[in-house]
Amino acid sequence: MEFALGSNAANRPENDSEKSSFSEGETEFSDVDLTINGSTMAEPEAGTSRQSYSASGIRQRQLQRNLEREAHTSRSNFENVPETTKKREYIFKVLLFGVAGVGKTSIIKRYIYNYFLPENGDDIPGQYSVKVEVLDHDRIALIQIWDSTAERGDDSDASLYYKMASGAVAVFDITNPGTLKELDRLKKEMDENVTFRGRPIPCVLLANKCDLLDVDIDKKMKDQCKKKGYINWFKTSVVESINIQEAFGYLLDEMVKKEEEPIDNVDQNETFLSRCCSCSLC
């Protein structure tokens, strides 16, 4: 129920003896525009006690003030709610890198749209995609995936590609060992150009197209992760939808852990939001 007083009542001085003083239990409300749910109160019927009608008006005015006071208190309480009790949103920029033909674009389509469309062999430089992941009832994450070819061009392209990255996915073709060697150079370049709180950003390694070659490379990949700084590796297949969601889910968990890591556990010389590329253009 809504109560609203008209402008006449709002502007009337409280000490107006003619309009608002009590006289033998009666109060004059001739200039009060009192509405309930948009409807104006009707004038008292013949024979109705002016005293009872006036008392009813007083109660309505008091109720109106109480409602306004409660509404103000509710707004103040909401605005003063601690940040930790509100839904938290993360924005993560993820770099996807590897030489042409390893299946990066197909991986993005499988992860975001869950479908497979054969590639024509030509990578689209600087492709950008977005997916929203619900972490739990009070946390969501927006993931920006930046797909790029091995050759990015001038320094300005490199600056845009690396800047503010939170994590990365490195992809090679399990049927072509040469594509894994190329990752060594690309991973080293990334680690030199982007850090988070003074440390390399988390990066997972994908051995893609495992549907074409069934080979045990577990020991080799674990050694590769240890030597090159990958946080984990996965055999993946876009065609058969193997480990695509799992790989990105693992990386997402690691990025959230990094974001929520107490500042006391990191280099004190690093600021809380010190995620940037180290190029001279920033």
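Residues numbered from 1 in each chain as written. Predicted model: local features only at pLDDT ≥ 70, side-chain atom pairs only at ≥ 80, totals over all residues. Heavy atoms only, no water.

Which parts of the structure should I look at to understand the overall build of the protein?
Scanning the protein from terminus to terminus reveals 8 helices and 12 strands. Burial status across the protein gives 37% buried among its 282 residues. Look at the contacts in the protein between residues 6 or more apart in sequence, and 71% of them connect residues 24 or more apart. (Helix = DSSP H or I, 4+ residues; strand = E, 2+ residues; numbered from the N terminus. Buried < 20%, exposed > 50% of the residue type's maximum accessible area, 1.4 Å probe, protein only. Contact = heavy atoms within 4.5 Å.)

Help me understand the environment of lysine 93 in this model?
With respect to the helices, strands and loops of the structure, lysine 93 is situated in strand β4 (residues 88-97). Residue class for lysine 93 comes out buried when judged on its relative accessible area of 6%. Distance from lysine 93 to tyrosine 161, taken between C-alpha atoms, is 9.7 Å for residues 68 residues apart in sequence. If near-sequence neighbours (up to four positions away) are discounted, lysine 93 is found in contact with Gln144, Trp146, Leu160, Tyr161, Tyr162, Lys163, Met164, Ala165, Ser166 and Gly167. Among the polar contacts listed, one links the side chain of lysine 93 to the backbone oxygen of lysine 163, at a separation of 2.8 Å. (Polar contact = N/O pair within 3.5 Å; in protein donor to acceptor, adjacent residues only side chain to side chain.)

Can you walk me through unusual backbone geometry in this structure?
Glycine aside, residues mostly have negative phi angles, and peptide bonds mostly take the trans form. Residue lysine 209 is not a glycine yet carries a positive backbone phi of 70°. Here lysine 209 is to be found in the loop between β10 (203-208) and α7 (218-228). Positive phi values are uncommon outside glycine, yet asparagine 243 reaches one of about 60°. Tracing the chain through its elements places asparagine 243 in the loop between β11 (232-235) and α8 (244-260).

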